[in-house]
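Each chain, written out:
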Amino acid sequence: MSYIIQTNQLTKSYKGKEVVSNVNMKVKKGEIYGFLGPNGAGKTTVMRMLTNLVKPTSGEIEIFGEKLTNTSYEILKRMGSIIEYPVFYDKLTARENLELHCEYMGYYDKKAIDQALDLVKLKNIENKSVKEFSLGMKQRLGIARAIITKPELLILDEPINGLDPVGIKELRDLFHMLSREYGITMLISTHILGEMEQIADTIGVISDGKLIKEVSMNEIREQNTEYIELAVSDMNKAVYVLEDILRITNYKVIDETRMRIYDSRVTQGEISKTFIMNGVMIEEINKKNHSLEDYFLTLINGGGISA
Amino acid sequence: MRKLISLEIKKYKLFSYLKGVAIANLAIMAMLCLVYYGEKVEGVVAYENYEMAFGVIGSIIRPVFIIFAAVLISKLIIDEYRSNSISLMFTYPINRKKIIIAKLAIVASFTFLTIVLSNLLIGSVFYLVDSYLHFVPEALTGKVLTDSLITMTLEAIASAGMALIPLYFGMRKKSTVAPIVSAIVMVSLINSTVNGVNLVTFIVIPIALAIIGCAIAYFSFRNIENVDVI
């Protein structure tokens, strides 16, 4: 397996305080890697280190199989990025900004600018300075700038910030397209979990500067994702009915009245019927998807305790 | 490097500053007229000879463009840090030192060129006007002309170095005002010491300051590859 990004015990401290600790992250070629974590977990710092803006206190970064050093300028040619929020030269127009970008990147395909603006669906922007752009438009322009040179690796920090639902959908399609058609590897951070679930191939969860989990979406999906949640009047009786009559052992008691059943062999109807026949009142019954959100929250909370 | 410089010029539309340079030149000429009439009212001859005239012209031009250079420092370097576009610049596959050197080269060469060209322009206009009005008692000799040209060029070089000193004050707190203020303070200090002091200080001070300016530029960015950009 070839990795595009590989970090080894990556650590960064500011004034003696570790904001990123011993991160071992592996991003495979061609995948979309979702970087998840609460605010202040260290996502942006990691991304800054990957783009060489911030230097690690200790540990190593390998990108495209090469060790990243203070003077690894050639590697930067193969990357596109937005860190935190896209910065532009405000007084110039979108096109002028992109032209400058291409010049600095050493990329001279004249059609690329129109193509990139097209891909992010930025229209009617001629002769308008970037100062007049809305946050969403700037975000789109930032993505256009990052993809204009068709880099092998895209590092996008919160790319869907400030976009409306339609815009988010468009970008999601764009990311898919870039990944499938151009084989671009992407590292995308966001705190909008639902989005991540739909585009990422692998999820890395960071909390308190530590990478607490790195797992493929397929693996998450395979885990018990569906369950039935019940609110019952008498928990003891309910447990008895479950175990001795329905012969279900894969369940979990949440509190005095709530329980979750993970066994997918029995239907909701069967459960309610058996419960009622055995005198257990059901106050509420729901079929739920164990979403990435739950998964994520469990991880973060678990991580907090073990830390 | 030439590419980087031309990109900087494009990025900040630096040619629009030429308008400012032209206005500055007009203002300097107006000031020379004021000096002339001011002295005339008091019954003194303002420009006794060409050596003195060129000296006055130069001492007005230099401060103006050193301050102008401070504006450029604010714009090209400090503002790039403040607006965080430096983090964009540093994701380009270009040596960071080269990026900064390109910017400083613009500042220094701008200072040098504007000082030299303004001196030539205003000096010529002064001479032309004098050839009609004859307000300078002594005629312009070839020796005075070459001497003045040499001093003027040396001072322009020194000023180009000096113009980098405000960078230090700007970089300390990434303030765009600090370079301009420090430039104003610096030129007023220099001009007040120069008046009537002997020739050694007249040359030594600018050269020392020029060396300090270059040292500041060097030390500000010596470590730039190891520094975090936040």
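Everything numeric here is computed off the predicted structure, so don't read it as measured data.

Here is what the cut-offs are and how they apply
Residues numbered from 1 in each chain as written. Chains lettered and ligands numbered in written order. Predicted model: local features only at pLDDT ≥ 70, side-chain atom pairs only at ≥ 80, totals over all residues. Heavy atoms only, no water. Helix = DSSP H or I, 4+ residues; strand = E, 2+ residues; numbered from the N terminus. Buried < 20%, exposed > 50% of the residue type's maximum accessible area, 1.4 Å probe, protein only. Contact = heavy atoms within 4.5 Å. Lys, Arg positive; Asp, Glu negative; His and termini not counted. Charge placed at Lys NZ, Arg CZ, Asp CG, Glu CD. Pairing = 2+ DSSP bridges. Axes fitted to C-alpha atoms, helices over the stretch in contact; angles between N-to-C directions. Parallel < 35°, antiparallel > 145°, perpendicular 65-115°, else oblique. Left-handed = near helix turned anticlockwise from the far one by under 90°. Nonpolar A, V, L, I, M, F, W, Y, C, P; charged D, E, K, R; others polar. Patch = residues over 30% accessible without salt bridge, like charges linked within 9 Å, V, L, I, M, F, W, Y side chains within 5 Å. Areas by Shrake-Rupley, 256 points an atom, 1.4 Å probe, with all protein chains shown as cover. Salt bridge = Lys/Arg side-chain N within 4 Å of Asp/Glu carboxyl O. Buried area = accessible area lost by both parts, 1.4 Å probe.

Asker: Can you break down the overall build of chain A residue by residue, with the values?
Answerer: From N to C terminus, chain A includes 11 helices and 15 strands. Overall, the C-alpha framework of chain A stretches about 75 × 45 × 35 Å when taken along its three principal axes. Here chain A holds 307 residues, and 50% of them are scored as buried. Restricting to contacts in chain A with at least 6 residues of sequence separation, those with at least 24 account for 68%. When the 39 basic and 43 acidic side-chain charges of chain A are each reduced to a single mean position, those positions are 3 Å apart.

Asker: Account for the environment of Met235 of chain A, with residues named and values stated.
Answerer: Residue and element names in this part refer to chain A. Mapped onto the elements of the fold, Met235 is located in helix H9 (residues 235-245). In this structure Met235 comes out as buried when scored by relative accessible area, which is 11%. C-alpha separation for the pair Met235 and Val280, spaced 45 residues apart in sequence, amounts to 8.4 Å. Setting aside anything within four residues of it in sequence, one finds Met235 in contact with Val253, Asp255, Glu256, Thr257, Arg258 and Met259.

Asker: Can you break down the side chain of Ser129 of chain A residue by residue, with the values?
Answerer: Summarising the element assignment, Ser129 of chain A is placed in the loop between helix H4 (110-119) and helix H5 (135-147). If we ignore the near neighbours within four places in the chain, the residues touching Ser129 of chain A are Asp90, Lys91, Leu92 and Thr93 of chain A.

Asker: Explain the sheet that holds strand S14 (residues 258-261) of chain A to me, using residue names and the numbers behind them.
Answerer: Residue and element names in this part refer to chain A. Strand order in the open sheet formed by four strands is S13-S14-S12-S15, and the pairing between neighbours is antiparallel. Since the sheet does not close on itself, it has two edges, and those belong to strand S13 (251-253) and strand S15 (282-289), each with one partner. Strand after strand, the sheet turns through a mean of 20° between neighbouring axes, direction not considered. Inspection of the sheet shows strand S12 (residues 226-232) paired to S15 by seven bridges, in the antiparallel sense. Residue pairing in the sheet places Ala231 in a bridge with Glu284 of S15. Together, S12, S13 and S14 form the strand contacts of H9, whose direction differs from that of S14 by roughly 15°. Taken strand by strand, helix H10 (residues 268-277) contacts S12, S14 and S15, and its axis lies near 160° from that of S15.

Asker: So what's going on with the packing of helix H3 (residues 50-82) of chain B against helix H6 (residues 142-162) of chain B? Which residues, and what values?
Answerer: All names here are of chain B. Their axes nearest at 11 Å, the elements H3 and H6 cross at an angle of 15°. On the basis of the axis angle, H3 is roughly parallel to H6. In the crossing of H3 with H6, the sense of the turn from one axis to the other is right-handed. Contact residues: Tyr50, Glu51, Phe54, Arg62 and Ile66 in H3; Val144, Leu145, Ser148, Glu155, Ser159 and Met162 in H6. Split into classes, the residues belonging to the contact of H3 with H6 amount to six nonpolar, two polar and three charged.

Asker: So what about a nonpolar patch on the surface? Which residues, and what values?
Answerer: Residues and elements named next belong to chain B. Nonpolar side chains collect at one region of the surface, where Leu113, Leu117, Leu120, Leu145 and Leu149 lie side by side and expose about 410 Å² of accessible area between them. Looking at the nonpolar patch, the element that brings in the most residues is helix H5 (residues 96-133), giving three residues. Turning to its location among the elements, Leu113 is positioned in helix H5.

Asker: Describe the interface of chain B and chain A, naming the residues involved and giving the relevant values.
Answerer: On the chain A side, the residues contacting the 29 residues of chain B number 28 residues. Summed over both partners, the interface of chain B with chain A buries about 2,600 Å², with 56% contributed by carbon and sulfur atoms. Applying the counting criterion to the chain B and chain A interface returns two salt bridges. Between Asp228 of chain B and Lys12 of chain A there is a salt bridge, with its nearest N and O atoms 2.6 Å apart. Going through the elements one at a time, helix H1 (2-11), H3 and helix H4 (85-89) of chain B are the ones with two or more residues in the side of chain B that touches chain A. Of the residues that constitute the side of chain B that touches chain A, the class distribution is 12 nonpolar, seven polar and 10 charged.

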